[in-house]
Amino acid sequence: MSVYKKIKEFILGKDIRYIWEQLATERNGILKSESGDLFIEYSHSDFYFKIKEHTHYITSGGKTYEKKYIIGIVQFVNTTKLELCITKEDMLTKILKMFNKKDISIKNKDFDTKYFLKSNYEYKATSILKNDNLLNKIISLNPDRLEITNKDGLFDEIPNEGKHMLYFAKQGKLKTIDQLNQIHSLLNNFIEILKNNYSIH
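Per chain, the residues get numbers from 1 upward, laid out in the order the sequence is written. pLDDT decides what is reported in this predicted model: residues at 70 or higher carry local features, side-chain atom pairs at 80 or more are listed and counted, and totals for whole chains, interfaces and linings draw on all residues regardless. For side-chain calculations, the full set of non-hydrogen atoms in the structure is used, while hydrogens and water are omitted.

(A) Up close: the sheet that holds strand E1 (residues 30-34). One open sheet accounts for 8 strands, arranged E1-E2-E3-E4-E8-E7-E5-E6; its pairing is antiparallel. Either end of the sheet is taken by a strand with one partner, and the two such strands are E1 and strand E6 (115-119). Between one strand axis and the next, the sheet turns by 20° as a mean value, whatever way the strands run. Here, a strand pair is defined by DSSP locating no fewer than two bridges between the strands. Each helix is a run of H or I in the DSSP string that is no shorter than four residues. Each strand is a run of E no shorter than two, and both are numbered from the N terminus. In this sheet, strand E7 (residues 145-149) lies alongside strand E5 (residues 84-88) in antiparallel orientation, the contact comprising 4 bridges. Within the sheet, the bridge partner assigned to threonine 87 lies in E7 and is arginine 145. Where helix H2 (residues 17-26) meets the sheet, it contacts E1, strand E2 (37-44) and strand E3 (47-60), and its direction lies at approximately 10° from that of E2. In the packing of helix H7 (residues 177-198) onto the sheet, contacts are made with E2, E3, strand E4 (63-76), E5, E7 and strand E8 (164-171), and the angle to E4 comes to roughly 35°. Lines fitted to C-alpha atoms define the axes, with helix axes restricted to the stretch in contact, and inter-axis angles between N-to-C directions lie between 0 and 180 degrees. We call two residues contacting when some pair of their heavy atoms lies within 4.5 Å.

Below you can see the structure in the form of structure tokens.
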């Protein structure tokens, strides 16, 4: 790599478009851009997948800072109306627990100590998370949010009318295609469980 390229990469950051292009080729998807952030849309097992990067700007003390997120979305028809939300355990969730808003325990220490789980169907939510393969992927990827909802995502993402979405969000910069493939694997594993057990389509 030339000195110029090294200096450019140090100042502007590494160009990661090639990672998205590689995923688009592997998944036979379409690569697009929105407000400078890249995303890919593709079909898999009769479901519509979207994985994207999102730059979130925060202004504080007269300065603007940015946080990078990777978002994954799969839309589907949810006949059971099951909803669940997994977020990281933090000060807010600890305060909620103090006011008797307890989270759902799945009897797995690695999960229960790290995440706050809520759902409108406790038994269904715990049954889904009893799948060791899925649970290990969640713990490994450590998302900031993983949920089934028909409402807004973290950054105003909304599913199409009449549909729910499986929504994944994780703060951090994209560095390798393996990150994207792991997110796809988690989403696909989750969707297969829902399709086989809860009649989503």
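We are not done yet, so read on.
(B) Region of the structure containing the pairing of E3. Where E2 meets E3, 6 bridges bridge the pair, whose relative direction is antiparallel. By the bridge assignment, histidine 44 is partnered in E3 with phenylalanine 47. Where E2 hands over to E3, the hairpin turn is made up of 2 residues, of which serine 45 adopts a positive phi near 50°. Looking at chain direction, E3 and E4 are connected through 13 bridges and run antiparallel. Within E4, the residue paired with histidine 56 across the bridge is lysine 67. Where E3 folds back onto E4 in an antiparallel hairpin, the turn is made up of 2 residues, including glycine 61, whose phi is positive at roughly 60°.

(C) The pattern of salt bridges, seen in detail. Throughout this description, the term salt bridge denotes a Lys or Arg side-chain nitrogen within 4 Å of a carboxyl oxygen of Asp or Glu. By the definition in use, this model includes 7 salt bridges. One salt bridge in this structure joins glutamate 41 and lysine 32, with 3.0 Å as the shortest N-O distance. According to the relative accessible area criterion, lysine 32 is partly exposed, its value standing at 36%. When the shortest N-O distance is used, the salt bridge between lysine 151 and glutamate 83 registers 3.7 Å. In this pair, lysine 151 is assigned in the loop between E7 and E8 and glutamate 83 in the loop between E4 and E5, connecting sequence segments 68 residues apart. For every residue, the accessible area obtained with a 1.4 Å probe (protein chains only) is divided by the maximum for its type, and the residue is called buried under 20%, exposed over 50%, and partly exposed between those limits.

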